[in-house]
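# Summary of structural features
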Amino acid sequence: MTTSETGLDRVLGAKTGEALESSLGLSTVGDLLRHYPRRYAERGELTAIAGLELDEHVTVLAKVDRVSKRSMRSRRGTIVEARITDGHRSLTCTFFNQAWRERELLPGRQGMFAGKVTAYRGSFQLSHPEYQLFDSDDPERAGSAVEEFAGALIPVYPSAQGLPSWSIARCVRQVLDTWDGADDPLPAELRAEHRLLGLGTALRKIHRPKDHAEVAAAQNRLKWDEALAVQLVLARLRESAHENPAPACPRREDGLLADFDGRLPFQLTAGQAEIGTEIAADLAAEQPMNRLVQGEVGSGKTVVALRGMLQVVDAGRQAAMLAPTEVLAAQHARSLAELLGDLSTAGELGAPERATRITLLTGSLPAAARKKALLEAASGEAGIVVGTHALIQDRVSFADLGLVVVDEQHRFGVEQRDALRARGGSESAPHVLVMTATPIPRTVAMTVYGDLETSALRELPSGRSPISTSVVPVAEKPAWLDRAWQRIREEVAAGHQVYVVCPRIGDDEQNPPKKGKKKPSTDDGVEEPEDAGAGTDERRPPLAVLDVAERLSGGPLSGLRLGVLHGRLAADDKDAVMRAFAAGELDVLVATTVVEVGVNVPNATVMVIMDADRFGVSQLHQLRGRVGRGSAPGLCLLVSEAMAGTSTRDRLDAVASTTDGFELARLDLELRREGDVLGAAQSGRRSGLKMLSLLRDEDVIAEARDAAQRYVAEDPSLRAHPGLARMVGEVVDEGRAGYLEKS
Ligand code: ADP
Ligand code: MG
């Protein structure tokens with residue numbers, strides 16, 4: 001009996017089982033059946049070669065155009081070169097010392113060719129591709145292709161070296177021949193309501209469809225599984241959050257908040273006021289607030305958070321604010337203190353009666369200062385504690401923690417939020433306010449942040465200046481870069497300041513930049529850009545802060561005051577550099593993404609991003625938000641070697657095309673590869689969103705959310721629906737709930 005749990009080696013033999021396991025991570029029948037075709041090809045319909053990406057492992061349907069054989073000059077042996085075509089563009093397949101290929105790859109023949117795309121002398125090629133001809137005379141080589149695909153759609157699978165798509169198709173067929181089907185986890189009434197295929201039928205059709213309508217029906221059902229599993233987990237998180245009591249912090253008319261509002265130097269934007277009202281009501285309630293505020297860079301989230309914190313302090317409790325980096329935490333502490341003025345000087349001479357105290361607590365404080373900070377948190381002397389992750393990891397205790405504000409959610413996971421909730425000091429769980437500057441499309445908000453209520457700050461405070469963004473394509477127009485440095489000298493001459501951002505710190509021999517997934521230093525946040533997956537080994541290492549700073553100060557920017565900022569500097573040094581830049585004592589700051597979030601120097605007008613293609617879209621958007629914060633217009637230059645027409649360049653052009661973060665988030669979603677949104681951990685794994693597209697499947701996601709809400713409200717433990725409970729269990733077992741948030 002073959003079930004989804006049966007090992008592939010039992011059905012397909014040890015050798016094939018081993019190959020599937022090692023190259024694609026598939027070990028059970030269920031794994032293989034959930035390894036869905038990436039697309040479907042039809043005989044006679046050739047794959048567009050222009051759309052192929054360098055370094056990708058591809059499967060193309062193409063026709064042999066011509067074939068030639070020559071002998072190699074340097075070594076003894078022959079090269080067979082077969083040019084294959086889609087009718088417009090061609091691709092060269094090369095084979096060394098396999099002269100017999102020439103007799104097989106006859107012009108006019110069609111087949112599937114699989115291999116890694118490389119570039120050689122300016123044109124694309126496949127080196128030693130595997131192939132399967134549809135109309136070969138040799139039954140040994142063509143037989144299975146014909147039998148496999150005759151008349152039907154040809155599934156094209158995500159494949160690997162040594163395991164071409166057609167071998168996977170053969171394995172799937174063998175498995176389906178003996179498979180006994182699966183228990184359908186979805187309740188029958190839900191399937192009927194949404195006209196969903198049964199699970200077994202859907203899995204068979206997705207692999208061996210008769211036509212496109214069957215593909216669509218199967219996909220719809222399988223999307224539902226993915227959407228519903230995630231929404232059930234989120235619905236349960238929301239449900240359990242409501243079970244905890246929270247410290248009610250009703251608003252007072254005569255407290256610190258009222259004093260603060262009375263002396264705000266500006267008027268709140270309509271959005272700030274509206275979200276402020278929502279937060280005030282949430283904080284007054286006896287259930288914990290779980291709210292996500294998303295707002296453009298510079299939309300004024302800090303004030304919103306501070307007003308919430310003051311309401312909590314007014315209620316006699318404490319608030320904690322967490323930032324992703326030490327630089328940011330220090331800066332938050334400073335700007336909160338600035339906003340509050342003498343209202344934050346409790347304990348000092350002449351402080352107003354209602355004043356509170358802001359305490360900075362980071363991992364790198366000297367022992368004495370740290371002890372003092374810990375004491376202030378524990379005694380309740382500190383009304384507001386600002387810190388980094390250290391606040392969570394260490395055993396910080398609070399006298400009475402009422403509210404946790406998490407700035408820049410995309411660096412925080414669910415577990416971290418949970419850890420903080422447990423720090424409350426009292427029996428109850430504190431309110432949580434999460435802020436992100438990365439605008440989130442509705443579908444992503446529903447899927448990734450579905451356990452939070454969301455509010456959006458869409459307008460910027462008045463008096464902001466526009467930012468214009470240009471791509472500097474150094475491969476095509478090297479002179480533009482010289483012009484860029486010239487422009488920077490002019491900006492500095494006009495009294496402004498400039499950021500130059502690089503993807504890497506440099507000088508890291510013991511730690512060479514590799515594509516390996518080493519954990520990035522938290523302070524630099526130099527993440528692999530979304531599309532720097534496999535096959536980047538041949539690219540030069542990304543530009544580094546230390547090298548670029550040296551080159552600039554000895555060359556195009558000589559004579560200007562340059563500072564360097566990155567995560568390997570000691571915390572004091574970082575702080576000193578940031579202060580010097582803020583005080584205008586430096587003209588140019590060469591930095592890593594340390595400056596990505598929150599840094600606020602209104603006099604900075606230009607941001608140059610080197611190797612911009614190594615950053616993700618939202619990172620670029622965040623980075624550029626550092627300029628245009630004062631009265632002068634901002635300029636952002638995206639320097640890149642990416643050629644026009646590549647998807648890498650498309651991303652940069654998208655960033656240059658709009659400063660509307662919400663629009664950009666949508667474009668980003670469109671440009672990213674399927675499944676990327678939820679992070680690298682998805683690919684090749686059994687769970688994860690393989691079929692569901694956060695971009696196109698808004699309807700499914702919304703319907704699944706409603707259904708999940710309904711089932712969980714009726715029956716929180718899902719006892720009546722063991723299938724649904726199993727779906728939840730799978731997500732939770734694999735820790736997906738955690739990494740859902742780490743995108
Ligand atoms: P972000 O949302 O990126 O965290 P900040 O909270 O850092 O933005 O705000 C950016 C700047 O805008 C700060 O200097 C802040 O004082 C200022 N600001 C916030 N709200 C307003 C407002 N309503 N009017 C004018 N300036 C504002
Ligand atoms: Mg901010």
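Here the residue numbers are simple positions, counted from 1 along each chain's written sequence. As they are written, the chains are lettered A onward and the ligands numbered 1 onward, keeping that order. Predicted model: local features are reported for residues with pLDDT of at least 70 only, side-chain atom pairs are reported and counted for 80 or more only, and whole-chain, interface and lining totals are derived from all residues. As a rule here, side-chain values cover all heavy atoms of the structure and leave hydrogens and water aside.

To keep things clear, this is the line we draw: UniProt positions are given in the numbering used here, feature names are shortened, and annotations may be inferred rather than shown by experiment.
As annotated in an unreviewed UniProt entry, the chain carries the name ATP-dependent DNA helicase RecG and comes from Saccharopolyspora gregorii. The UniProt entry for the chain carries the following text under Sequence similarities (unreviewed entry): "Belongs to the helicase family. RecG subfamily."

## Re the overall build of the chain
Here is the rule we go by: We count a stretch as a helix when DSSP gives it H or I for four or more residues in a row; a strand needs E for two or more, and each element gets its number in order from the N terminus. Relative accessible area decides the class of each residue, using a 1.4 Å probe on protein chains only: under 20% of the type maximum gives buried, over 50% gives exposed, and in between gives partly exposed. Contacts are residue-level and defined by heavy atoms, with any inter-residue pair within 4.5 Å sufficient. Using the Shrake-Rupley algorithm and a 1.4 Å probe, accessible areas are obtained, with residue cover drawn only from the displayed protein chains.
Within the chain, the regular secondary structure consists of 26 helices and 21 strands. With 743 residues in all, the chain has 54% of them scored as buried. Long-range contacts, defined here as pairs at least 24 residues apart, represent 73% of the contacts in the chain between residues at least 6 apart. Element-wise, carbon and sulfur atoms account for 49% of the exposed surface of the chain, whose accessible area totals about 32000 Å².

## Considering the environment of Leu 268
Within the secondary structure, Leu 268 sits in the loop between helix H10 (256–262) and helix H11 (270–284). The class for Leu 268 is partly exposed, based on a relative accessible area of 22%. Those residues within four positions of Leu 268 in sequence are excluded, and the remaining contacts are Ala 273, Val 303 and Arg 307.

## Looking at the site of ligand 1
Inclusion rule: Any residue with a non-hydrogen atom lying within 4 Å of a molecule or strand is treated as near it. Space inside and on the surface of the protein is sampled on a 1 Å grid over the protein atoms alone, with a cavity defined as a set of points where a 1.4 Å probe fits but cannot get out and a pocket as an open set with protein on both sides within 12 Å along at least 5 of 7 lines; lining residues have an atom within 4 Å of a point. Occupancy of a cavity or pocket is assigned to a molecule whenever over half of its atoms lie within 2 Å of that pocket's grid points. Three residue categories are used. Nonpolar comprises Ala, Val, Leu, Ile, Met, Phe, Trp, Tyr, Cys and Pro, charged comprises Asp, Glu, Lys and Arg, and polar comprises the others, including Gly.
Not every one of the 16 residues close to ligand 1 is listed here, only the nearest: Gln 267, Gly 298, Lys 301, Thr 302 and Arg 464. Its atoms largely coinciding with the cavity grid, ligand 1 occupies the second largest pocket. In the shell around ligand 1, the residues fall into 4 nonpolar, 8 polar and 4 charged.

## A few points about the environment of Ser 167
Tracing the backbone through its elements, the reader meets Ser 167 in helix H6 (residues 165–178). For Ser 167 and Thr 16, which are 151 residues apart along the polypeptide, the C-alpha to C-alpha distance reads 9.6 Å.

## Here we look at the packing of aromatic side chains
Each aromatic ring pair is characterised by the separation of its centres together with the angle its planes make. Under the convention used in this document: Only the six-membered ring of Trp is used, alongside the rings of Phe and Tyr, when aromatic pairs are assigned; centres must lie within 6.5 Å, and planes under 30 degrees apart are stacked while those over 60 apart are edge-to-face, with the rest tilted.
Counted according to the given criterion, the structure contains 3 aromatic pairs. With 5.9 Å between their ring centres and 75 degrees between their planes, Phe 95 and Tyr 131 make a pair best called edge-to-face. Of this pair, Phe 95 sits in strand S4 (residues 90–96) while Tyr 131 sits in strand S7 (residues 130–133), and the two are 36 residues apart along the sequence. One exposure class covers both Phe 95 and Tyr 131, and it is buried. Clustering of aromatic rings is evident, with ring pairs tying together Phe 95, Phe 113 and Tyr 131.

## Describing the layout of surface pockets
Note the cut-off: Grid points are joined across faces, edges and corners, and a volume is the space filled by probe spheres set on the points. An automatic or database domain assignment is the source of the domain bounds shown.
In this structure, the second largest pocket encloses a volume near 1100 Å³. For the second largest pocket, the lining is made up of 37 residues, of which Thr 302, Ser 335, Arg 464, Asn 600 and Arg 629 are closest to its centre. Among the secondary structure elements, those contributing two or more residues to the lining of the second largest pocket are helix H12 (301–314), helix H13 (326–340) and helix H20 (571–582). Here the element with the most residues in the lining of the second largest pocket is H13; it accounts for 6 residues. Both domains that meet at the lining of the second largest pocket, namely domain 2 (256–284 + 300–436) and domain 3 (467–658), each give it at least three residues.

## Describing the pairing of strand S11 (residues 358–361)
This is how it is decided: What makes two strands pair is DSSP finding at least two bridges between them. If you view a crossover with the strands going away from you and the path from the first strand over the helix to the second runs clockwise, you call it right-handed.
In the sheet, S11 pairs with strand S12 (residues 384–387) via 4 bridges, with the strands oriented parallel. Looking at the pairing, Leu 361 lines up with Gly 387 of S12. Between S11 and its parallel partner S12, the chain crosses via helix H14 (residues 367–379), and the hand of that crossover is right-handed.

## Details of H14
Short version of the rule: How far a helix is expected to stretch is found by multiplying one less than its residue total by 1.5 Å. Note that the arc is computed from the directions linking the helix axis to the C-beta atoms.
Helix length check: H14 (13 residues) gives 18 Å between terminal C-alpha atoms against 18 Å at 1.5 Å per residue, within 8%. When H14 is considered as a whole, its buried residues turn out to be Ala 373, Glu 376 and Ala 377. On an axial view of H14, the arc spanned by its buried residues comes to 100 degrees, and they lie on one face. Along H14, exposed side chains directed more than 90 degrees from the buried face belong to Ala 367, Ala 368, Lys 371, Lys 372 and Leu 375. In this structure, the buried side of H14 is in contact with strand S10 (318–322), S11 and S12. Looking one or two residues past H14, Gly 380 carries a phi angle of roughly 90 degrees, positive in sign.

## Examining the sheet that holds strand S16 (residues 467–473)
Going by this rule: A fitted line through C-alpha atoms represents every axis, and for helices the fit uses only the stretch in contact; the resulting angles, taken between N-to-C directions, go from 0 to 180 degrees.
Strand order in the open sheet made by the 6 strands is S16-S21-S20-S17-S19-S18, with parallel pairing throughout. In this open sheet, the two edge strands, each paired with only one partner strand, are S16 and strand S18 (562–565). With direction set aside, neighbouring strand axes in the sheet form an average angle of 20 degrees. Two elements, S16 and strand S21 (residues 634–640), share 7 bridges in a ladder whose sense is parallel. Across the sheet, Ser 468 pairs through a bridge with Leu 635, a residue of S21. Helix H18 (residues 479–493) rests against S16, strand S17 (497–501), strand S19 (588–591), strand S20 (604–609) and S21 of the sheet, and its axis sits at about 160 degrees to S20. On the sheet, helix H21 (residues 617–624) packs against S16, S17, S20 and S21 and is oriented at approximately 155 degrees with respect to S20.

## Some thoughts on the nonpolar core
Counted only if it meets this: Among buried residues, the Ala, Val, Leu, Ile, Met, Phe, Trp, Tyr and Cys ones that are joined through side-chain atoms within 4.5 Å form a nonpolar core.
Core analysis: the biggest nonpolar cluster contains 49 residues, and Trp 224, Leu 228, Leu 232, Leu 391, Phe 398 and Leu 724 have the highest contact counts within it. Looking at this core, the elements that each hand over two or more residues are helix H9 (212–243), S10, H14, strand S13 (401–407), strand S14 (431–436), helix H17 (442–448), helix H24 (698–714) and helix H25 (722–733). Examining the composition of this core, we find that 9 residues originate from one element, H9, more than from any other. Look past the residues within four positions of Trp 224 in its chain and what remains in contact with it is Leu 190, His 194, Leu 196, Val 700, Glu 703, Ala 704 and Ala 707. Judged by nonpolar contacts, the second largest core, of 35 residues, contains Leu 256, Leu 336, Leu 343 and Leu 433.

## Examining the packing of H9 against H24
The criterion, for reference: These descriptions rest on fixed angle ranges, namely under 35 degrees for roughly parallel, over 145 for roughly antiparallel, 65 to 115 for roughly perpendicular, and the rest for oblique. Each crossing gets its handedness from the near helix: less than a right angle anticlockwise from the far helix is left-handed, clockwise is right-handed.
At a minimum axis distance of 8 Å, the contact between H9 and H24 shows a crossing angle of 45 degrees. Between H9 and H24, the angle is such that the two are oblique. Between H9 and H24 lies a crossing of right-handed hand. Within the contact between the two elements, H9 uses Asn 220, Lys 223, Trp 224, Ala 227, Leu 228, Gln 231, Leu 232, Ala 235, Arg 236, Arg 238 and Glu 239 and H24 uses Val 700, Ile 701, Glu 703, Ala 704, Arg 705, Ala 707, Ala 708, Gln 709 and Val 712. Taken together, the residues of the contact of H9 with H24 break down into 11 nonpolar, 3 polar and 6 charged.

## Quick look at the sheet that holds strand S9 (residues 290–295)
With parallel pairing, 7 strands are arranged side by side in an open sheet as S11-S12-S10-S13-S14-S9-S15. Bordering the open sheet on either side are S11 and strand S15 (453–457), each of which pairs with just one other strand. The average undirected angle you get between the axes of adjacent strands in this sheet is 20 degrees. Pairing of S10 with S12 involves 4 bridges; the strand directions are parallel. Residue Met 321 lies in a different strand from S12, and its bridge partner there is Val 386.

## Brief notes about the packing of H12 against H13
Packing of H12 against H13 leaves a shortest axis separation of 11 Å and a crossing angle of 70 degrees. Between H12 and H13, the crossing angle belongs to the class labelled roughly perpendicular. Residues Thr 302, Val 303, Leu 306, Met 309 and Leu 310 of H12 lie in contact with H13, whose contacting residues are His 332, Leu 336, Leu 339 and Leu 340. For the contact of H12 with H13, a count of residues per class yields 7 nonpolar, 2 polar and no charged.

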